[in-house]
Amino acid sequence: MKTKIAICFAPLLAVSLLAQGPPPDGGRGFGPRGFGGRGAGILGAGPGSRVPVTGAPYSATETLQRQQGLSNGNQISTKEQTNVYRDGQGRIRTETTVTPPAATSASTPVTIVTIFDPVAGYEYRLDSSTMVARQMPLPKFNGTTPPARPARPARPNETTADLGTQVINGVAAKGTQVTETIPAGAIGNAQAIQIVRVTWVSTELKVPVEIKTSDPRNGTSDMELTNIAQTEPSASLFVVPAGYTLKQNGGRGPGGGGPRANGRRGPGLR
């Protein structure tokens, strides 16, 4: 049962990985999604990125809070927390603890551990309940900078404001505010809808330290990276622990052009 829970809640990990890299478009689409999909970047430098962020090790705690108001006045609030580690070689470890709903038969919290290792060319998923490590190949990186991605077309009724640089959660960060207005009647709405996203990205670590969103349709979201320590994490965090059984999950070796795991790009690759 625990294994099934880990799989069921795996999409939540994708949300936690928002704290790993700045989006090239200022954080549009912040919210649940797969790697390289809509939303902020992951584990380094944004969706579709192919170069690990090296020489900027850190560890931190990411907290993601969401709040949604229902039409009857009821409120839905959720909170997720993830421990994040990145070493100087660009290897990353995330530890996300998920508590299953009380209605399920398994109420024991499940910790999802992912290790992204661009040095070895693999991503690993650790399942402590079965002591199995799933190994998935990463896209091959040839050491050269790939062509820049095409610029994202500007959306109508959208404005972007440069908020300058401030110290956010103890680090210097560059801020951007994106405001999108959905005109009245565009989607059957009686009045205009305004969606605001404010993203602060660390200039040194190349990761978001705060992303706040406000969308009348879905409520508010607040992601913050705190307890930031800019020191080299223990090397033991980035290897599969002894006692785990290593299992292949598709692909043809490190960066060998095998299928992407869950249809995703390797996280943190530019």
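The structure under discussion appears in the preceding block.
Here the structure is a predicted model, which is why all the values come from computation and not from measurement.

Undergrad: Whenever I open this one, the overall build of the chain confuses me. Can you help?
TA: Of regular secondary structure, the chain possesses two helices and twelve strands. Scanning the chain from its N terminus toward the C terminus, one meets helices and strands in the order α-α-β-β-β-β-β-β-β-β-β-β-β-β. Per-residue burial over the chain gives 46% buried out of 270 residues. A separation threshold of at least 6 residues defines the contact pool for the chain, and within that pool the share at least 24 residues apart is 55%. Element-wise, carbon and sulfur atoms account for 52% of the exposed surface of the chain, whose accessible area totals about 13,400 Å².

Undergrad: Help me understand the environment of Leu-246 in this model?
TA: Locating Leu-246 in the fold gives a position in strand E12 (residues 245–248). Classification of Leu-246 by relative accessible area gives partly exposed; the value is 43%. Here the alpha-carbon distance between Leu-246 and Gln-135, two residues 111 residues apart in the chain, equals 6.8 Å. Each residue touching Leu-246, except ones within four places of it in the same chain, is listed here: Tyr-124, Ala-133, Gln-135 and Val-240.

Undergrad: Help me understand the side chain of Thr-82, please; the structure alone is not making it clear to me.
TA: Within the secondary structure, Thr-82 sits in strand E2 (residues 75–86). With relative accessibility at 1%, the residue Thr-82 sits in the buried group. Side chain to side chain, Thr-82 and Thr-96 meet in a polar contact 2.9 Å long.

Undergrad: Would you take a moment to explain the nonpolar core for this structure?
TA: Across soluble globular proteins, nonpolar side chains have a tendency to be buried as a group. Tyr-58, Trp-200, Leu-205, Val-209, Leu-225 and Ile-228 are the most contacted members of the largest nonpolar core, which totals 15 residues. For this core, the secondary structure elements donating two or more residues are strand E1 (58–69), strand E8 (171–182), strand E9 (193–202) and strand E11 (219–229). Among the nonpolar cores identified, the runner-up in size contains six residues, and Val-113, Tyr-122, Tyr-124 and Ala-133 belong to it.

Undergrad: Whenever I open this one, the pattern of salt bridges confuses me. Can you help?
TA: Proximity of charged atoms lets side chains of opposite charge pair with each other. What the rule picks out here adds up to six salt bridges. Across the salt bridge formed by Glu-80 and Arg-66, the nearest N and O atoms sit 3.0 Å from each other. Separated by 14 residues along the polypeptide, Glu-80 in strand E2 and Arg-66 in strand E1 bring together distant segments of the chain. Judged by relative accessible area, Arg-66 falls into the partly exposed class, the value being 21%. Close ionic contact of Arg-91 with Asp-87 constitutes a salt bridge, the shortest N to O distance being 2.7 Å. This pair shows no difference in class: Arg-91 is buried, exactly as Asp-87 is.

Undergrad: Quick question: what am I supposed to make of the environment of Thr-159 here?
TA: By the element assignment, Thr-159 lies in strand E7 (residues 158–168). In contact with Thr-159, other than residues within four places in its own chain, are Gln-177, Val-178 and Thr-179.

Undergrad: Would you explain the environment of Gly-175 in this entry?
TA: Tracing the sequence through the fold places Gly-175 in strand E8. On the basis of relative accessible area, Gly-175 is assigned to the buried category, the value being 0%. For the pair formed by Gly-175 and Ala-161, sequence separation is 14 residues and the distance between their alpha carbons is 8.5 Å. Excluding anything up to four places from it in sequence, Gly-175 contacts Ala-161, Asp-162, Leu-163, Gly-164, Thr-199 and Trp-200.

Undergrad: I keep staring at the packing of aromatic side chains and nothing clicks. Help me out?
TA: Aromatic ring pairs are defined here through the distance separating the ring centres and the angle between the ring planes. In this structure the tally under the stated criterion is one aromatic pair. Aromatic side chains Tyr-122 and Tyr-124 sit 6.1 Å apart centroid to centroid with 50 degrees between the ring planes, which places their arrangement in the tilted category. Residue Tyr-122 is classed as buried on the basis of its relative accessible area, which comes to 12%. When its relative accessible area of 10% is taken as the criterion, Tyr-124 is described as buried.

The rules behind each value
Residues numbered from 1 in each chain as written. Predicted model: local features only at pLDDT ≥ 70, side-chain atom pairs only at ≥ 80, totals over all residues. Heavy atoms only, no water. Helix = DSSP H or I, 4+ residues; strand = E, 2+ residues; numbered from the N terminus. Buried < 20%, exposed > 50% of the residue type's maximum accessible area, 1.4 Å probe, protein only. Contact = heavy atoms within 4.5 Å. Areas by Shrake-Rupley, 256 points an atom, 1.4 Å probe, with all protein chains shown as cover. Polar contact = N/O pair within 3.5 Å; in protein donor to acceptor, adjacent residues only side chain to side chain. Core = buried A, V, L, I, M, F, W, Y, C linked by side-chain atoms within 4.5 Å. Salt bridge = Lys/Arg side-chain N within 4 Å of Asp/Glu carboxyl O. Phe/Tyr/Trp six-rings, centres within 6.5 Å; stacked < 30°, edge-to-face > 60°.

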